[in-house]
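# Report on the structure
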Amino acid sequence: MNHSHQTSGAVNHLPRLRIAQIAPLYEPTPPKLYGGTERVVSHITEELVRRGHEVTLFASGDSVTRANLEPGCPRALRLAGISEAGLPLHLSMLSDAYTHAAQRFDIIHSHLDYWSFPLAEMSEIPSVATLHCCLDAEELRPVYARYRNHPVVSISDSQRRPLPFMNWVATVHHGLPRDLLKFNATPRGYLAFLGRMSREKRPDLAIAIALRAGIPLMIAAKIDLTEQGYFDHEIKPLMNSDLIEYVGEINDSQKADFLGNAIALLFPIDWPEPFGLTMIEALACGTPVIARPCGSVPEVIEHGLTGFVAESVDELAAAVTRVDELSRENCRAEFERRFTVETMVDRYEHVYRELISRRDLKASRVQ
């Protein structure tokens, strides 16, 4: 292990680590538009670099980072129109990361769900995988069971429920840089929906809530080719009101205005959301969240403080009319207390050091 000390931004003077971060290739790291996992990987990577660690980022070649970038492909797959090449390109990148890993890294942190497990099992150095997706697909259960001893991190406690037998070493909620999204105390009087245009995100319920409450709704959503039919046939016909406006997919620079000027974010999901980055983006702007109690929502949103959590359209529409009871200052304060990049990376650093210590202890016992 490299025992030189951290040189920037750190307060604990613990040894500097050599860390590999492995990101998905579908979007750049950070994404130019939509892309939750790649955005989180970017925040982790840049904060680790700021703290003085030696970080190598395995990501698409159009990624932007202060770490050492090792591209798995020249351009992010979705933007290049070759998403179908994901499996072979990711496997090739994983091979690059694990080849001679013991000479290069102290730990490897993968964000590719189970794809890293076989190589990690054969590696001499510790590996950990953050699981970013929903884990209730029954056909994948045997894969996770096969690698049940591999250290994994959940992004919410609720995400763990389908796979309680995994080697969960921590839950680490996502975090954002404090200055990424500015607090806005004076919103403009509309509701916001931000995310993917997909059935599980329930844009149809967001529209129904806004119409029931009689308050304008602005929808900023990514539409994948696989979801175009859903949008055209099921959502577009619901937008025949002056209250509903679709603004397309937005980037980070547009997000602060979009979320900050909303009186509330509607998050009426209908699936076990692993985390929901949009919720803490809203809180960073001081914007409360009105959501259904699915997945991570009760962990992230405190009912009556940072938003309202309710089940039905009627209850959610009623919550919209009470949103002025919530303090936007409290929403921002809760973001700063729980969901900053510093808090997130503190926890990941603890995971890294714990796994490295376990490996060192095991090696000393063998000797």
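Numbering of residues starts from 1 in each chain and follows the order in which that chain's sequence is written. Side-chain atom pairs in this predicted model are given and counted only at pLDDT of 80 or more, local residue features only at pLDDT of at least 70, and totals for whole chains, interfaces and linings cover all residues. Working from all heavy atoms in the structure, the side-chain values ignore hydrogens and water.

### Topic: the overall build of the protein
Strands here mean DSSP runs of E at least two residues long; helices mean DSSP runs of H or I at least four residues long; both are numbered from the N terminus. Across its full length, the protein carries 14 helices and 13 strands. What the globule rule says is 2.2 Å times the number of residues to the power 0.38, and the radius of gyration is computed from C-alpha atoms. Taken against the 2.2 N^0.38 rule, which gives 21 Å for 367 residues, the C-alpha radius of gyration of the protein at 21 Å falls within 12% of a compact globule. Counting only C-alpha atoms, the protein reaches 70 × 45 × 35 Å along its principal axes. Only protein chains enter the area calculation, which uses a 1.4 Å probe; residues under 20% of their type maximum are buried, those over 50% are exposed, and those in between are partly exposed. By residue count, 54% of the 367 residues in the protein fall in the buried class. Distance from the positive charge centre (38 side chains) to the negative charge centre (47 side chains) of the protein: 4 Å. When charges are counted, Lys and Arg are positive and Asp and Glu negative, with His and the chain ends excluded. Positions of charges follow a simple convention, taking NZ of Lys, CZ of Arg, CG of Asp or CD of Glu.

### A closer look at helix 13 (residues 328–338)
In an α-helix, one turn spans 3.6 residues; hence positions three or four apart end up facing the same way. Among all positions of helix 13, only R328, C331, R332, E334, F335 and R338 are buried. All buried residues of helix 13 fall inside an arc of 160° around its axis, so they share one side. The arc under discussion is defined with respect to the helix axis, by the directions toward the C-beta atoms.

### Looking at the packing of helix 10 (residues 277–284) against helix 13
Note on definitions: angles span 0 to 180 degrees between N-to-C directions of axes, and those axes are lines fitted to C-alpha atoms, for helices only across the stretch in contact. For the pair helix 10 and helix 13, the least separation of the axes is 7 Å and the interaxial angle reads 120°. As judged from the angle between their axes, helix 10 and helix 13 are oblique. Packed against helix 10, whose contacting residues are I280, L283 and A284, the element helix 13 presents C331, R332 and F335 at the interface. For this classification, the nonpolar set comprises Ala, Val, Leu, Ile, Met, Phe, Trp, Tyr, Cys and Pro, the charged set comprises Asp, Glu, Lys and Arg, and every other residue, Gly included, is treated as polar. Partitioned by chemical class, the residues of the contact of helix 10 with helix 13 number five nonpolar, no polar and one charged. Our angle categories are set so that under 35 degrees counts as roughly parallel, over 145 as roughly antiparallel, 65 to 115 as roughly perpendicular, and the remainder as oblique. Contacts are assigned to residue pairs that have any heavy atoms within 4.5 Å of one another.

### Points about unusual backbone geometry
For the peptide bond that leads from T29 to P30, omega is 0°, which places it in the cis range. Locating P30 in the fold gives a position in the loop between strand 1 (18–22) and helix 1 (36–50). Positive phi values are uncommon outside glycine, yet D113 reaches one of about 55°. You can see D113 is positioned in the loop between strand 4 (107–110) and helix 5 (117–122).

### Structural notes on the sheet that holds strand 9 (residues 217–222)
Pairing between two strands is assigned when DSSP locates at least 2 bridges connecting them. As summarised here, the arrangement of the six strands in space is 10-9-8-11-12-13, forming an open sheet in which the pairing is parallel. At either margin of the open sheet sits one strand with a lone partner, and together these are strand 10 (244–248) and strand 13 (307–309). Along the sheet, successive strands turn relative to each other by an average axial angle of 20°, direction set aside.

### Comments concerning the environment of E200
Among the structural elements, E200 can be located in the loop between strand 8 (190–196) and helix 7 (203–213). A relative accessible area of 23% places E200 in the partly exposed class. On a C-alpha basis, the gap between E200 and E273 in space is 8.9 Å, while along the polypeptide they are 73 residues apart. In this structure, E200 is in contact with I269, D270 and W271, ignoring residues within four places of it in sequence. Throughout this description, a polar contact denotes any pair of N or O atoms lying within 3.5 Å of each other; where both atoms belong to protein, one of them has to be capable of donating a hydrogen while the other can accept it, and for residues adjacent in sequence the pair is counted only when both atoms sit in side chains. A distance of 3.0 Å separates the side chain of E200 from the side chain of R196, its partner in a polar contact.

### Observations concerning the packing of aromatic side chains
Pairing of aromatic side chains here covers Phe, Tyr and the six-membered ring of Trp, requires ring centres within 6.5 Å, and sorts the geometry by plane angle: under 30 degrees stacked, over 60 edge-to-face, intermediate tilted. In this structure the tally under the stated criterion is eight aromatic pairs. Considering the side-chain rings of F231 and Y246, the 5.2 Å spacing of their centres and the 45° angle between planes classify their relative orientation as tilted. Residue F231 is located in helix 8 (residues 228–235), and its partner Y246 is located in strand 10; the two are separated by 15 residues in the primary sequence. Residue class for Y246 comes out partly exposed when judged on its relative accessible area of 28%. Arranged with centres 6.3 Å apart and planes meeting at 25°, the rings of Y348 and Y352 form a pair that is stacked. Linking Y348 with Y352, this pair stays in helix 14 (residues 341–366), spanning four residues, or about one helical turn. Taking the relative accessible area as the measure of exposure, Y348 reaches 1% and is therefore buried. One aromatic cluster in this structure is built from Y114, F117, Y144 and Y147. Cation placement over rings: the criterion is NZ of Lys or CZ of Arg within 6 Å of the ring centroid and within 35° of the ring normal. We note R146 situated over the ring of Y147; from NZ or CZ to the ring centre the distance is 4.6 Å.

### Observations regarding helix 7
Within helix 7, burial applies to P203, L205, A206, I207, I209 and A210. On its buried face, helix 7 sits against strand 8, strand 9, helix 8, strand 10, strand 11 (262–267) and helix 12 (313–321). G214 sits one or two residues past helix 7 and shows a positive phi near 70°.

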